[in-house]
Amino acid sequence: MEAINSAVATLVTSTNTLFILLGAIMVLAMHAGFAFLEVGTVRHKNQVNALVKIMTDFGFSTLAYFFVGYWIAYGVNFFDSATVLAEHNGYALVKFFFLLTFAAAIPAIVSGGVAERARFWPMLISAMCCVGLIYPLFEGIIWNGNWGVQHWFATQFGASFHDFAGSVVVHAVGGWIALAAVMLLGNRKGRYRGDRLIAFAPSNIPFLALGAWILTIGWFGFNVMSAQTLDGISGLVAVNTLMAMVGGIITSSLAGKNDPGFIHNGPLAGLVAVCAGSDLMHPIGALVVGGIAGWLFVWVFTLVQNRWQIDDVLGVWPLHGLCGAWGGIAAGIFGQQALGGLGGVSLLTQVLGTLLGLAIGLGGGFIVYGLMKKLAGIRLSEEEEFNGADLSIHKISANSIE
């Protein structure tokens, strides 16, 4: 009997390790989606830079999170021997890999906002600081109970802050960090002439669409496998993810008047918003949440570009920052049993927890990128920007001319 129990225990840990490893791989693949979404949106002279940024950001973010960020968030380090780290089929290591792919989404989000005019190394170092210091501060508060904030929420309002897969922890924090970086960096040269917006057309709509599809597919790993163990897997999460995606497609198509940029970002808006409450909502509630997010993205992106003249190239603040915030609050609305949800959430807690995430993201972004701007500078020269980041930074264009 003891041998049987041991074999069963080994089977459980090995399947859980495989489960979360597959999730990590799916979310890692989403970074290709970030890359091609940016490649297709920026002008041709900045395509190489978009690809290089996503790759290098991931590599340097891994170091920052492995040695600093994961320890801040969870109090765990990896300085034990390989014998210790390999215990339980190495589940603890693979859990780190999975959560790293979330953390590395922060610089990928920022990259889309600051595209076409940012210096390479200063922005890369700033991204490391965000992944190693700013992001894990809020991650640890919400997902590990650090600093007693979740306990206080539960005591005061009857429920802790609920963010199953990171609407606020990942997307809203990343989007508000990006807003700070965009504002400190300034607009691209020639983007505005007085009150008039000058159109900078996307370089490659098929690449933009490919990026959106890669992200959309990977999102099912992002959400479903946030359960982190096989016994926690839920078909409700999968179908809520699907319905929110569909809601975002429908409303962005209508509000965006068939614009392909809006249509391919619409499902992403819905997916960002459903992360927090995907394990709680009824599928119809998820459809509504995603639909509102798709409309919100189109409306705010247009407002930001045309009226407020903030040059957020991919619209990462409305997409991740605002739709992520909406998702955190929406979990407190559509997660209620009265609206078909599973319950166990407090709307007031969701509002306060969301505001805390936005404050840490925006404040941290201004500190990190503000210091880097003062110490080293974060913007290309006017001539470098005119020539494009590809030639100015990488000395090569996306397509060689024979």
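None of these values were measured; they are calculated from a predicted model.

Analysis parameters
Residues numbered from 1 in each chain as written. Predicted model: local features only at pLDDT ≥ 70, side-chain atom pairs only at ≥ 80, totals over all residues. Heavy atoms only, no water. Axes fitted to C-alpha atoms, helices over the stretch in contact; angles between N-to-C directions. Helix = DSSP H or I, 4+ residues; strand = E, 2+ residues; numbered from the N terminus. Parallel < 35°, antiparallel > 145°, perpendicular 65-115°, else oblique. Left-handed = near helix turned anticlockwise from the far one by under 90°. Nonpolar A, V, L, I, M, F, W, Y, C, P; charged D, E, K, R; others polar. 1 Å grid on protein atoms, 1.4 Å probe; cavity = no way out; pocket = protein on both sides within 12 Å on 5 of 7 lines; lining within 4 Å. Points joined across faces, edges and corners; volume = space filled by probe spheres on them. Core = buried A, V, L, I, M, F, W, Y, C linked by side-chain atoms within 4.5 Å. Buried < 20%, exposed > 50% of the residue type's maximum accessible area, 1.4 Å probe, protein only. Contact = heavy atoms within 4.5 Å. UniProt positions renumbered as here; feature names shortened; annotations may be inferred. Salt bridge = Lys/Arg side-chain N within 4 Å of Asp/Glu carboxyl O. Phe/Tyr/Trp six-rings, centres within 6.5 Å; stacked < 30°, edge-to-face > 60°. Lys NZ or Arg CZ within 6 Å of the ring centre and 35° of its normal.

### Re the packing of helix H1 (residues 2-41) against helix H9 (residues 205-224)
(1) Moving on: Contact geometry for H1 and H9: axes closest at 7 Å, N-to-C directions at 155°. Taken together, the axes of H1 and H9 lie roughly antiparallel to each other. With respect to the hand of their crossing, H1 and H9 are arranged in left-handed fashion.
(2) Moving on: Tallied by class, residues from the contact of H1 with H9 come to 21 nonpolar, six polar and no charged.

### As for the layout of surface pockets
(1) Moving on: Space inside the largest pocket adds up to approximately 610 Å³.
(2) Moving on: Taken together, 24 residues form the lining of the largest pocket, with Arg 191, Phe 200, Pro 202, Asp 259 and Phe 301 sitting closest to its centre.
(3) Moving on: It is helix H12 (residues 283-307) that contributes the most residues to the lining of the largest pocket, five residues altogether.
(4) Moving on: Across the lining of the largest pocket, the residue classes tally to 14 nonpolar, six polar and four charged.

### Focus: the nonpolar core
(1) Moving on: Membership of the largest hydrophobic core comes to 105 residues, with the highest contact counts inside it found for Tyr 65, Trp 219, Phe 222 and Tyr 369.
(2) Moving on: It is helix H8 (residues 167-185) that provides the largest number of residues to this core, a total of 13 residues.
(3) Moving on: Those residues in contact with Tyr 369, other than ones at most four positions away along the chain, are Val 110, Met 123, Ser 126, Ala 127, Cys 130, Ile 177, Ala 181, Leu 184 and Ile 378.

### Quick notes on the UniProt feature "domain: Ammonium transporter AmtB-like" (unreviewed entry) in the chain
(1) Moving on: As recorded in UniProt, the sites labelled "domain: Ammonium transporter AmtB-like" (unreviewed entry) are residues 19-396.
(2) Moving on: In residues 19-396, the share of helix is 71% and the share of strand is 1%. The end C-alpha atoms are 40 Å apart.

### Details of the pattern of salt bridges
(1) Moving on: Overall, the coordinates contain six salt bridges when judged by the stated rule.
(2) Moving on: Linking Asp 311 and Arg 188 is a salt bridge whose minimum nitrogen-to-oxygen distance equals 2.7 Å. Residue Asp 311 is found in the loop between H12 and helix H13 (316-334), and its partner Arg 188 is found in the loop between H8 and strand E1 (192-193); the two are separated by 123 residues along the sequence. For the pair shown, Asp 311 and Arg 188 are each scored as buried.
(3) Moving on: A salt bridge links Asp 311 to Arg 191; its shortest N-O distance comes to 3.5 Å. Pair noted here: Asp 311 is in the loop between H12 and H13 and Arg 191 is in the loop between H8 and E1, with a separation of 120 residues, a long-range link. Like Arg 191, Asp 311 is buried.

### Some words on helix H5 (residues 105-113)
(1) Moving on: Judged by how many residues are buried, H5 sits mostly within the fold: nine of nine residues are covered.
(2) Moving on: Regarding H5, the residues found buried are Ala 105, Ile 106, Pro 107, Ala 108, Ile 109, Val 110, Ser 111, Gly 112 and Gly 113.

### Remarks on the packing of aromatic side chains
(1) Moving on: According to the stated counting rule, one finds 26 aromatic pairs in the structure shown.
(2) Moving on: Between Phe 36 and Phe 207 the ring centres are 5.2 Å apart and the planes differ by 65°, which places this aromatic pair in the edge-to-face class. With Phe 36 in helix H1 and Phe 207 in helix H9, this residue pair connects regions lying 171 residues apart in the sequence.
(3) Moving on: Residue classification places Phe 36 among the partly exposed positions, given a relative accessible area of 24%.
(4) Moving on: With centroids separated by 5.7 Å and ring planes inclined at 55°, the aromatic side chains of Trp 152 and Phe 153 adopt a geometry described as tilted.
(5) Moving on: Its guanidinium or amino end placed over the ring of Phe 200, Arg 191 lies 5.3 Å from that ring's centre, counting from NZ or CZ.

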